[in-house]
Amino acid sequence: MIRQPAVAGRFYEGSPALLKKEVGRFIVEGIKKERAIGVVSPHAGYIYSGAVAGAVYSHVIIPKTIILLGPNHTGIGKAVSVFPEGEWVMPNGAVVIDTKMVGLILKHSKTASADYHAHQYEHSLEVQIPFLQYFTTDFSIVPITIMDTSLRTCRDIGEAIAQAVLERRKGEGEKGGDVLIVSSTDMTHYETHDSAKAKDKKAIDKILALDPEGLHKTIKENNISMCGFAPTTALLYAARMLGAKEARLIKYMTSGEVSGDYDQVVGYAGVVIK
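Residues numbered from 1 in each chain as written. Predicted model: local features only at pLDDT ≥ 70, side-chain atom pairs only at ≥ 80, totals over all residues. Heavy atoms only, no water.

Got a minute to help me understand the overall build of the protein in this structure?
On a plain count of helices and strands, the protein comes out with nine helices and twelve strands. The C-alpha radius of gyration computed for the protein amounts to 17 Å, which stays within 12% of the reference 19 Å derived for 274 residues, consistent with globular compactness. Once the C-alpha set of the protein is aligned to its principal axes, its extents read approximately 50 × 45 × 40 Å. Sorting the 274 residues of the protein into buried and exposed places 56% on the buried side. Considering only residue pairs separated by 6 or more positions, the protein has 81% of its internal contacts joining residues 24 or more positions apart. (Helix = DSSP H or I, 4+ residues; strand = E, 2+ residues; numbered from the N terminus. Rg over C-alpha atoms; globule rule 2.2 N^0.38 Å. Buried < 20%, exposed > 50% of the residue type's maximum accessible area, 1.4 Å probe, protein only. Contact = heavy atoms within 4.5 Å.)

Structure below.
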């Protein structure tokens, strides 16, 4: 199936030249890039969250396969929806689906389903792609949206991803399992800057501790409106199985630092997990 972009010209520039220029403004030059198991990156309009996303992607080497995990904002599709085959058309070129990795994840997961519908209008994964394409076009993707936010489902999909990566490594060697897992999420929504920053620190501390259960519990107990907490919890489960040793906060900011409105902000965090 060919998926057309849902938010080109709205969340980011729709013209190839303007989009490359827009993304380039957020890239941090001169940083030594490192291999990472995963990253946490925001998905708002670039004017608000582009600086955080750009900082994150400036720190990591982009491998051949990118597993994109995001929340399901639309309510369309399955509990966990994996886009199974085809390509995603983007202003700066189409990106193909890694069907072999899709098959491995579906084999190991009890909750994931092959599903196109959940992805048709969902923006959270799409907005990551121009940052990846800024550095390379030699990659394929596995798009996954999560609507069921239960801890059991988060663990299932995270561990299924890790098992899929390990199985590919076993069959194809280390390079075959060279995968980056991206959790797409914004943090606290529509609270004051100070409130958002305080709440988000509690969630970020659990991410930095590589503690999926702690993150899930903290979100629930503190009523933190982090839209992609389930994808991030899944990422942490996967990272733990894949031998993650550390997580580092690259950048945090709120929309108030761009708009000047500090009464109703959205928080954005960028994290690299190694």
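Please clarify how the sheet that holds strand E1 (residues 2-3) should be interpreted in this entry.
Backbone-to-backbone hydrogen bonds join strands into a sheet, with any given pair of strands oriented parallel or antiparallel. Here we have three strands laid out as an open sheet, ordered E1-E5-E6, and mixed in their pairing. Looking at the sheet topology across the chains shown, the edges are occupied by E1 and strand E6 (95-96). Looking at chain direction, E1 and strand E5 (residues 87-88) are connected through two bridges and run parallel. Considered in E5, the bridge of Arg 3 is made with Trp 88. (Pairing = 2+ DSSP bridges.)

Looking at this model, I keep getting lost on the layout of surface pockets. Mind explaining?
In this approach, a probe sized like a water molecule rolls over the atoms, and the result shows the empty space that is left. In this structure, the second largest pocket spans a volume of roughly 190 Å³. Every residue lining the second largest pocket is counted, 14 residues in all, and those nearest its centre are Ala 44, Asp 186, Tyr 190, Val 266 and Tyr 268. Grouping the constituent residues of the lining of the second largest pocket by class yields seven nonpolar, six polar and one charged. (1 Å grid on protein atoms, 1.4 Å probe; cavity = no way out; pocket = protein on both sides within 12 Å on 5 of 7 lines; lining within 4 Å. Points joined across faces, edges and corners; volume = space filled by probe spheres on them. Nonpolar A, V, L, I, M, F, W, Y, C, P; charged D, E, K, R; others polar.)

Please explain unusual backbone geometry as it appears in this structure.
For residues other than glycine, phi is negative in most cases, and the peptide bonds are mostly trans. Although it is not a glycine, Tyr 190 sits at a positive phi angle of roughly 60°. Looking at where Tyr 190 falls in the secondary structure, it is placed in strand E10 (residues 189-191). Although it is not a glycine, Leu 210 adopts a positive phi angle of roughly 55°. Its location among the elements puts Leu 210 in the loop between helix H6 (193-208) and helix H7 (212-222). Relative accessible area serves as the criterion here: at 15%, Leu 210 is assigned to the buried category.

I keep staring at the side chain of Thr 233 and nothing clicks. Help me out?
Among the structural elements, Thr 233 can be located in helix H8 (residues 229-241). According to the relative accessible area criterion, Thr 233 is buried, its value standing at 0%. Not counting residues up to four positions away in its chain, the partners in contact with Thr 233 are Leu 151, Cys 154, Pro 212, Leu 215 and His 216.

Teacher, can you tell me more about the pairing of strand E2 (residues 38-41) here?
For a regular strand, the rule is simple: side chains alternate between the two faces of the sheet. Alternating residues of E2 divide into Gly 38 and Val 40 and Val 39 and Ser 41, and every residue in both groups is buried. Relative to strand E9 (residues 179-184), E2 runs parallel, the two being bridged by four bridges. Bridge assignment links Ser 41 to a residue of E9, and that residue is Ser 184.

What exactly am I supposed to notice about the nonpolar core here?
Nonpolar side chains tend toward joint burial in soluble globular proteins. Core analysis: the largest hydrophobic core is formed by 80 residues, its most contacted members being Ile 67, Ile 144, Ile 161 and Ile 181. Not counting chain neighbours up to four residues away, the residues in contact with Ile 181 comprise Ile 37, Gly 38, Val 39, Ile 67, Leu 69, Ile 161, Leu 235, Ala 238 and Leu 242. Core analysis: the next-biggest nonpolar cluster, separate from the first, contains five residues, Ala 44, Val 52, Met 253 and Val 266 among them. (Core = buried A, V, L, I, M, F, W, Y, C linked by side-chain atoms within 4.5 Å.)

I keep staring at the environment of Pro 231 and nothing clicks. Help me out?
Tracing the sequence through the fold places Pro 231 in helix H8. Classification of Pro 231 as buried rests on a relative accessible area of 1%. For the pair formed by Pro 231 and Asp 115, sequence separation is 116 residues and the distance between their alpha carbons is 17 Å. If we ignore the near neighbours within four places in the chain, the residues touching Pro 231 are Leu 69, Gly 70, Pro 71, Ile 146 and Ser 183.

I'm lost on helix H5 (residues 151-172) in this one. Help?
Each turn of an α-helix holds 3.6 residues, which means side chains three or four residues apart point in the same direction. The terminal C-alpha atoms of H5 lie 31 Å apart, and with 22 residues this matches the ideal 32 Å at 1.5 Å per residue to within 8%. Turning to H5, its buried residues number three or more, namely Thr 153, Cys 154, Asp 156, Ile 157, Gly 158, Ala 160, Ile 161, Ala 162, Ala 164, Val 165 and Arg 168. (Expected span 1.5 Å × (residues − 1).)

What exactly am I supposed to notice about the side chain of Lys 199 here?
Mapped onto the fold, Lys 199 is located in helix H6. The class of Lys 199 is buried, set by a relative accessible area of 18%. Among the polar contacts listed, one links the side chain of Lys 199 to the backbone oxygen of Asn 223, at a separation of 3.2 Å. Ignoring any residue separated from it by four or fewer positions in sequence, one finds Lys 199 in contact with Thr 188, Glu 191, Asn 222, Asn 223 and Ile 224. (Polar contact = N/O pair within 3.5 Å; in protein donor to acceptor, adjacent residues only side chain to side chain.)

Read these as layout, nothing more, since geometry by itself doesn't imply function.
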